[in-house]
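Fold and contact review
Chain by chain, the residues run as shown.
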Amino acid sequence: MVGGVGTSPDGRQVAFTLITQDAEENQQRSAIWLAPADGSAPARQLTAGKRRDLHPLFSPDGGRLAFTSNREKEWRQDLYVADLRGGEPRQVLKTPRGVADFDWSPDGTQFAILARPDWPANPDRKAPKNEDQARARYQERVRHLQHFRYRLDGAGPLDDEQPQVWVAGADGSGLRMLTEGDFAIARVRWTPDGRIAFLSNREPDHWRSLKAAVYAVSPDGNPEPQRLTDFFTSANAFAISPQGRVAVIAGSDGPGSVYARHQRLYVDGECLTCGLDRSLWAGVLADTHPTAECPDPAWSADGRWVYVPMTDRGTLGVSRVPADGGEPQPVVGGHRVVSFWSLGGDTLGLVSTAQDQPLLVNAAAADGSRERTLYEPNPWVKERGLGEIAAFDVELNGDRVDAWRLLPPGRQAGSKVPTLVYIHGGPHAAYGWSFPFVFNILAGAGYAVVFCNPPGSQSYSEEYAGRLTGSWGETDFPYVMALADKAVADGFADPARMGVAGASYGGFATLWTVGHTDRFRAAISMRPVTDLNSFYGSSDIGWDFGARSFGAEPWEEPERFRRLSAVTYADQIKTPLRIIGSSGDLRTPLEQAEQVYHRLLKMGREVDLVVFHGEPHAVVVAGKPWNRVEHMRYVLDWWDRHLKA
């Protein structure tokens, strides 16, 4: 897997993070690699990769590369710098709880850092002997909660103290904290005039708001941070041009669920993509790289263009938008998903995946021309017999729904094979033109796989994504059935050997499906939402996501929450069902799976529950290597047991 990319300011080099699976230690490891952007020489490994080296960022002069690593402590990312003329990378600074984000100053003499302060002292106990003991004591503390955001899937319980902005010399000297207070902060970036900008909300209601603005603070910490922009809903990323203009990628305001609304580009407060009915950033799924955050917009050196991600019908590419208004121009596109990219000089470094290619590290000119491959991490794929994938669109209710079908390699023409209908999560994610790694494993085991983007999916119109608000299951269930019907009508699906599966919202939709039809021979519901009332309080995002997704609070519309809960229809489930959950999942906690499991078990239905200890929601991507193998084995075992003749 490849987890990120950085392009040197002169556009001559591309750095990227290569993630590997350490089978012996059962951990994911990552190293920084470096390649000439013109492809004149092979990529070379820059760091050892025995730990997790992440977030490569070139210095302004291009001669040094900074990155974070957990070399000293498994649980903490410290800041390292490698001199590209030679020599080993050296640790330049560490903070007690690790570096969450960083940026070079424009002259390369300082770092802006995002990190939490020291562990708070306990007046009742002696000082801890070392930092491991300090951390252990902190994790055992009694917590006094007053806000919603005290845990996060993948991170676990959050520290009580918010990250703050720090500044230090490029050698780590003079580290000092510039901000304070109980305000969440994200993404530290230097401004052209030498201040440090960041995303935050420092208003009294910050703890319950989804809005944020760009602030800036002087490196000497005086005066207080100044707000540079208005507040934006779900502000994800920002960048400041050499001329001082501020570009922000944020959600658009309007009726319906904010989670279904488009991400737009705003420059100096003006929306530049509101005339385009597409989202700049959406969850177009790809299981060959880690879950990606929205990349910062990137300014051209002359300030004429802003480069942004752009989605369209299951694709994710890069477009550039005229900073003074005008139509976005596609730069890197096609039937693929580009989740990581970086602009430096006249070069775009990018990481892409396509249905016939797991991953490529490429480079292109800033206008998208002269694209070339710098590194291919998975050449072995060309030696495997992959399934035959093709578009398989479905027509229903006046909609042309993007769908795909993957047939087993070597299938004889006219033969019928066991067929699996997969439903995506989100619910506002989307299947797309990425390499379907898991589906190819299933195809290699003899199964056809069909999957589609029903209403609720992003990368389409805002109206299409918003249709699911307040109607989970009810709106998209007919589209799932239409896809199954088409697979049978096309002649490859054996109607007596069909399965249905999905994860997260797809796990919910799987339960909804088998709670409303006996059409399928078997089902697998992975990390599902089942009871919307308990999800509201038990999920790390349920308090907000649940209310906005259903158009009301549970006490305002209790019947709606009951009607839309998959567990309500558990007594109607006759389909053999395997449920897979994780004890460390804070997004759809294990109790959601248990709600259905216990009911079906007591009713004497064929059901079992597979639990992965301590793993997060995204276990199939971010989980420990051998757990990812076991997850696949449990999936194949269930299908083989029920669908193989």
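Okay, so let's go over this structure. The written sequence of each chain sets the order in which its residues are numbered from 1. Two thresholds apply to this predicted model, a pLDDT of at least 70 for residue-level local features and 80 or more for giving and counting side-chain atom pairs, whereas whole-chain, interface and lining totals are computed over all residues. In computing side-chain values, all of the structure's heavy atoms are included and hydrogens and water are not.

Under the DSSP-based scheme used, a helix requires at least four consecutive residues in state H or I and a strand at least two consecutive residues in state E, with every element numbered from the N terminus. When helices and strands are tallied, the protein chain shows eleven helices and 42 strands. A radius of gyration in this sense is built from C-alpha atoms; the matching globule rule multiplies 2.2 Å by the number of residues raised to 0.38. For the protein chain, whose C-alpha radius of gyration is 25 Å, the value lies close to the compact-globule estimate of 26 Å for 645 residues. Principal-axis analysis of the C-alpha atoms places the extent of the protein chain at approximately 70 × 60 × 50 Å. Taken over 645 residues, the protein chain has a buried fraction of 58%. For this analysis, residues touch if any pair of their heavy atoms sits within 4.5 Å. Long-range pairs, those at least 24 residues apart, make up 56% of the contacts in the protein chain between residues at least 6 apart in sequence. Only the protein chains shown count as cover for residues, and the accessible areas themselves come from Shrake-Rupley with a 1.4 Å probe. Summing over all exposed atoms, the protein chain offers an accessible surface of approximately 26100 Å²; the carbon and sulfur share of this is 49%. Burial classes follow relative accessibility: with a 1.4 Å probe on protein chains only, a residue under 20% of its type's maximum area counts as buried, one over 50% as exposed, and anything between as partly exposed.

Okay, the sheet that holds strand β1 (residues 2-7) next. In this analysis, strands are considered paired if DSSP registers two or more bridges between them. Here four strands make up an open sheet; going across it, the order is β1-β2-β3-β4 and the pairing antiparallel. Two strands lie at the open edges of the sheet, namely β1 and β4 (44-45), each paired on one side alone. Pairing of β1 with strand β2 (residues 13-22), which is carried by four bridges, proceeds in the antiparallel orientation. Note that in β2 the partner of Val5 across the bridge is Phe16.

With that out of the way, let us pick up the packing of aromatic side chains. We call Phe, Tyr and Trp rings a pair once their centres come within 6.5 Å, taking the six-membered ring for Trp, and we label the pair stacked below 30 degrees between planes, edge-to-face above 60, and tilted otherwise. For the structure shown, the criterion picks out 32 aromatic pairs. Aromatic side chains Phe198 and Tyr215 sit 5.8 Å apart centroid to centroid with 10° between the ring planes, which places their arrangement in the stacked category. Remark: Tyr215 occurs in strand β17 (residues 211-217) and Phe198 occurs in strand β16 (residues 196-200); sequence separation between them is 17 residues. Judged by its relative accessible area of 0%, Phe198 is buried. For Tyr215, a relative accessible area of 4% gives the class buried. A ring pair is formed by Phe439 and Phe451, whose centres lie 4.8 Å apart and whose planes are at 50°; its orientation type is tilted. Separated by twelve residues along the polypeptide, Phe439 in helix α2 (residues 437-444) and Phe451 in strand β38 (residues 448-452) bring together distant segments of the chain.

Turning next to the sheet that holds strand β14 (residues 176-177). Here we have four strands laid out as an open sheet, ordered β9-β10-β13-β14, and antiparallel in their pairing. The open sheet has two edge strands with one neighbour each: β9 (99-104) and β14. Pairing geometry for strand β10 (residues 110-115) and strand β13 (residues 164-169), over six bridges, is antiparallel. Across the sheet, Phe111 pairs through a bridge with Ala168, a residue of β13.

Okay, the pairing of strand β30 (residues 357-365) next. A regular strand carries its side chains on alternate faces of the sheet. The element β30 is largely enclosed, with a buried count of nine among its nine residues. Here strand β29 (residues 347-354) pairs with β30 via seven bridges, running antiparallel. For Gly349, the partnering residue across the bridge sits in β30 and is Ala363. Bridge count for β30 against strand β31 (residues 372-375) is three bridges, and the pairing is antiparallel. By the bridge assignment for β31, Asn362 is matched with Thr373. Counted along the chain from β30 to the antiparallel partner β31, the turn is six residues long, and its residue Gly368 has a positive phi close to 90°.

In terms of burial, strand β40 (residues 522-526) is largely enclosed, as five of its five residues are buried. By the alternation rule, side chains of β40 split into Ala522, Ile524 and Met526 and Ala523 and Ser525, which are all buried. Bridge count between strand β39 (residues 493-503) and β40: five bridges; the pairing is parallel. When the sheet's bridge partners are listed, Gly499 is paired in β40 with Ala522. Between the parallel pair β39 and β40, the chain is carried across by helix α5 (residues 505-514), and the sense of this crossover is right-handed. By the bridge criterion, four bridges tie β40 to strand β41 (residues 577-582) in an arrangement that is parallel. Within β41, the residue paired with Ala523 across the bridge is Leu577. Crossover handedness is defined by viewing with both strands directed away from the observer: a clockwise path from the first strand over the helix to the second marks the crossover as right-handed.

It is worth spelling out the layout of surface pockets at this point. In this analysis, the protein atoms alone were mapped onto a 1 Å grid. Cavities are point sets where a 1.4 Å probe fits without being able to get out; pockets are open sets with protein on both sides within 12 Å along at least five of seven lines; lining residues have an atom within 4 Å of a point. Grid points are joined across faces, edges and corners, and a volume is the space filled by probe spheres set on the points. By volume, the second largest pocket is sized at about 400 Å³. If you go around the second largest pocket, you meet 17 residues; those closest to its centre are Pro120, Ala121, Asn122, Arg137 and Tyr138. Lys, Arg, Asp and Glu make up the charged group, whereas Ala, Val, Leu, Ile, Met, Phe, Trp, Tyr, Cys and Pro make up the nonpolar group; the residues left over, Gly among them, are polar. Residues belonging to the lining of the second largest pocket are distributed by class as follows: eight nonpolar, one polar and eight charged.

Residue pairs spaced three or four apart in an α-helix point in one direction, given the helix's 3.6 residues per turn. For α2, the set of buried residues is Phe439, Asn440, Leu442 and Ala443. Seen along its axis, α2 keeps its buried residues to an arc of 160°; they face one direction. In the core, the buried residues of α2 are packed alongside β35 (403-407), β36 (417-423), β38 and α11 (625-643). What the arc describes is the spread of directions from the helix axis to the C-beta atoms.

We now examine the pattern of salt bridges. Just to be clear on terms, a salt bridge is a Lys or Arg side-chain nitrogen sitting within 4 Å of an Asp or Glu carboxyl oxygen. Applying the stated criterion across every chain yields a total of 45 salt bridges. Residue Asp193 pairs with Arg195 through a salt bridge whose shortest N-O separation is 3.3 Å. According to the relative accessible area criterion, Asp193 is exposed, its value standing at 54%. Among the ionic pairs, Glu630 bridges to Arg633, the shortest N-O distance being 2.8 Å. Here Arg633 and Glu630 lie together in helix α11, a separation of three residues that amounts to about one turn. Glu630 sits in the partly exposed class, given a relative accessible area of 29%. Residue Arg633 is classed as partly exposed on the basis of its relative accessible area of 49%. Residues joined by salt bridges that share partners form a network here, namely Glu72, Arg76, Asp78, Lys94 and Glu131.

By the element assignment, Met498 lies in strand β39. Through-space distance from the C-alpha of Met498 to that of His642 is 9.2 Å; in sequence the pair is 144 residues apart. Ignoring sequence-local partners within four residues, the contact set of Met498 consists of Thr419, Val421, Ala484, Val488, Ala493, Phe520, Arg521, Ala522 and Leu643.

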